[in-house]
Amino acid sequence: MGVVAAAGALVAAVLPVLAASAGQTLAQVATARGFHIGTAAGVRTLASSQWRQVADAQFNSVTMGNEGKWDATEPTQGQFDFAAADAIADYAAATGKRLRGHTLVWHSQLPSWVSTDRTAAAQRQVLIDHVTGVAGHFAGDVAQWDVVNEPFNEDGTLRSSVWYTRLGESYIADALTAARAADPAAKLFINDYNVEGVNAKSTGLYNLVQRLQAAGVPIDGVGLQAHLIVGQVPSTLRQNIERFTALGLKVEITELDVRIPLPADTAELTQQASDYRAVVGACAAVAGCTGVTTWGVGEVDSWIPAFFPGYGAALLFDEQWRARPAYTAVVEALGGTATVPAPPPVPSQVSVASFPFESGLAGWGSRGSEVTTQVTTVAHGGTGSVLSSGRTATWQGPTRPVLDLLAPGKLYTVSAWARTASGTGTARLSMQRQNGTATRYENVSANTAIGTSWTRLSGDYLFLPGATALSVYLETTDTTGDLYLDDVTIETEGPPVSSSASASASASVSVSPSRSPSVSPSASRSVSPSGSPSASPSQGGPAGCAVRYTTNDWGGGFVGDVTVTNTGAAVNGWTLRWTFAGDQRVNQAWGATVTQTGAAVSATNAAWNGTVATGAAVNFGFLAGYTGGNARPSPSPSTARPAPSVEVRDVDGVRRLPALQGIVERDDLGAGTGEHLAERGGERVVRRVVGPQAEHPAGAQVPGEAAQPGDGVEAAVAGVQQVRGEWSMSSSTASKRRPGAAGS
């Protein structure tokens, strides 16, 4: 598998309705016949109650996603960090699932120090030390290890990599031997893609295994990844499985997904179900094929849309966690009768803590020799803010311990408003995490341009177990000028959203002022890159909706995706409007008719997805290019009839605008003029940040090596609650609209 990506659902299909019948869950069917049905997992997906509800019930095996790879487990030579991988192991143990380790030796996702120029003997020791350290840490917990991942070219020769170039083929034997010594009980696999059928590449793998066996090297199995395109299951799949099992090996389908060109229609989903049935059936029919793992549960954690624009719908569950026809096909392929599971409820977003700085510092202090004070001369909201003055280094800025506020394993949204006292700069929110003697510095928000006007910084942070200290802080990358900070909030997933305004209830921690802490910096800094900025449309009907908008930007182009779930009454016909801030141009769209005049864009339902029933979802996506920057969109006027006016605050002052039926928020982490905020009736938006990580095969053709994923941001709104300008959506069903508002 390849580089990390945040997955966004690009599914634009009306799924066939699957009738529920008496039967068992997928996991129950598999367990009853001694078979393993698994999914890849990441710590970010573990933080989702919806993901866990589906995974808990439907899978009896779990594979480490990115958390078991070299860059995550040994980012610095000799210094191991197992916090993320431990979380997945703990989840597997707590839910009684088999654990697969992925992966010990690979040519990709390596820290730069691994490729530093050194002798062959030294390079071999690097490999052995890493395999020993990681496999030894999880000894007794991991049932199978993908010890060597993707070692082959398409013609069956070994791939040129830092390992093969410096050590030759012997690196594979070295890795397997070290893994067996570290964990004698774990089954050791070689894993690759495009080796599902009998071809040159799979034959190269077959011949390698024979050489290893002849030399007495421990090898227990092979993993066939099976990243497939709909309708293209290799006809020789079972034959290939049988020739490997004839060598005494176990075989597993390790990363199955079946991608479909979008929008996916009923015929394609039916074909996909046949493909899943064929793959699972071929494995189940051979005694030595012991399990099938899908690379994710549903669209939320699929890597396909971000790396194959125009493709998606690849997994057993859709973007709203509804079972696709392929789910029933897999259950039946294992000899069961499917009961189509109900989708899990949509969670709300609740407040954990807020810091308005109206009466003191509330525990905030300095990271170094700078001075942190509460002032009443400058404020974003209310009358107070924090001033960080006398800064002599970019890492200096206001900070606060938050270990007592956050719970391990949960995903948090951290937001704040910042500005300079003079001039401009680039700022970000970060976390300093202490695990014993090891210190990690982790981004929360992206690097964001700030000036003398207030700018919002926001991002999501996954709090990993094992921390002995944790602090949030504001820093800059290019200036040591004075900084102001205000209105810091921390939110996390809460109870399920209801159709009433009670969904917006929050449970804030009341924070009292305390002595300001002083935190010393570390000599080295490890900062993780952030994903592309993303936005969240908000409500499109009087009773509310849950919406996710994601982007995948590779520089000069991006894929935008919008999914709207109707949590209120049914609607018939919809339109979404926005205004680009730069020269972005939509080149292609699916799932909607998209028109653009200048910077103004309008998306109207397709013929087949205008009707959105209660609890159903509608989705569309688009491919766009740009030559300048992919800046945040600006508020777009709506043709909807004005409703009662509400007050809108922005960085330029206070003005009054009509409340539009369904205006949505964009949490752009890049430069912008600030957030436009409106409130109605004291209600608030319930927001949830979603950013699952997935991966792609090294051989996948993706748009640019530097492609970075976008983070999804989801809003769930009851009635017209808090609305934030930049997008507008309206329904064309007059009988379903809020009185006083008209749709288009």
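Residues numbered from 1 in each chain as written. Predicted model: local features only at pLDDT ≥ 70, side-chain atom pairs only at ≥ 80, totals over all residues. Heavy atoms only, no water.

K.L.:
Can you break down the state of the cysteines residue by residue, with the values?
P.N.:
On inspection of all chains with the given rule, the structure shows one disulfide. For C283, the disulfide goes to C289, at an S-S distance of 2.0 Å. One disulfide, between C283 and C289, carries an S-S torsion of -100° and so falls in the left-handed class. Grouping residues by exposure puts C283 and C289 together as buried. (Disulfide = S-S within 2.5 Å. Buried < 20%, exposed > 50% of the residue type's maximum accessible area, 1.4 Å probe, protein only.)

K.L.:
Go over the nonpolar core with me, naming the residues and quoting the values.
P.N.:
One finds W145 and W163 to be the most contacted residues of the largest nonpolar core, which totals 113 residues. Each residue touching W145, except ones within four places of it in the same chain, is listed here: M64, G101, H102, T103, L104, V134, A135, F138, A186, K187, L188 and F189. Among the nonpolar cores identified, the runner-up in size contains 31 residues, and L405, L406, V414 and V444 belong to it. (Core = buried A, V, L, I, M, F, W, Y, C linked by side-chain atoms within 4.5 Å. Contact = heavy atoms within 4.5 Å.)

K.L.:
Which residues make up the packing of helix 11 (residues 266-284) against helix 13 (residues 325-333), and what values do they have?
P.N.:
Where helix 11 contacts helix 13, the axes come no closer than 8 Å and their chain directions differ by 25°. Between helix 11 and helix 13, the crossing angle belongs to the class labelled roughly parallel. Remark: the crossing between helix 11 and helix 13 carries right-handed chirality. From helix 11, L269, Q272, A273, Y276, R277, V280 and G281 reach across to helix 13, where they touch P325, A326, A329, V330, E332 and A333. In terms of residue class, the contact of helix 11 with helix 13 is built from nine nonpolar, two polar and two charged. (Axes fitted to C-alpha atoms, helices over the stretch in contact; angles between N-to-C directions. Helix = DSSP H or I, 4+ residues; strand = E, 2+ residues; numbered from the N terminus. Parallel < 35°, antiparallel > 145°, perpendicular 65-115°, else oblique. Left-handed = near helix turned anticlockwise from the far one by under 90°. Nonpolar A, V, L, I, M, F, W, Y, C, P; charged D, E, K, R; others polar.)

K.L.:
I'd like a rundown of the packing of aromatic side chains, residues and numbers included.
P.N.:
Within this structure, the stated rule accounts for twelve aromatic pairs. With centroids separated by 6.2 Å and ring planes inclined at 65°, the aromatic side chains of W70 and W113 adopt a geometry described as edge-to-face. Residue W70 is found in helix 4 (residues 70-73), and its partner W113 is found in the loop between strand 4 (98-105) and helix 6 (120-137); the two are separated by 43 residues along the sequence. W70 sits in the buried class, given a relative accessible area of 3%. (Phe/Tyr/Trp six-rings, centres within 6.5 Å; stacked < 30°, edge-to-face > 60°.)

K.L.:
Run through the environment of Q271, naming residues and quoting values.
P.N.:
Relative to the helices and strands, Q271 is located in helix 11. Residue class for Q271 comes out partly exposed when judged on its relative accessible area of 35%. Each C-alpha atom of the pair Q271 and Q232 lies 9.9 Å from the other, and the pair is 39 residues apart in sequence. When sequence neighbours within four positions are dropped, the list of residues in contact with Q271 reads V230 and G231. A distance of 2.9 Å separates the side chain of Q271 from the side chain of D275, its partner in a polar contact. (Polar contact = N/O pair within 3.5 Å; in protein donor to acceptor, adjacent residues only side chain to side chain.)

K.L.:
Give me the lowdown on the side chain of H130, citing residues and values where you can.
P.N.:
By the secondary structure assignment, H130 is in helix 6. Excluding residues within four positions of it along the chain, H130 makes contact with W70, T73, E74, F80 and L104.

K.L.:
Residue-level account of the confidence of the model for the protein, with values.
P.N.:
Here the protein averages 77 in pLDDT, while 73% of its residues score no lower than 70. Confidence drops under a pLDDT of 50 for residues 1-22, and excluding neighbours within four residues, the segment shows 109 contacts in the predicted structure. Low pLDDT, under 50, characterises residues 499-543; the stretch is placed with 156 contacts to residues that sit more than four places away or in other chains. (pLDDT = per-residue confidence, 0-100.)

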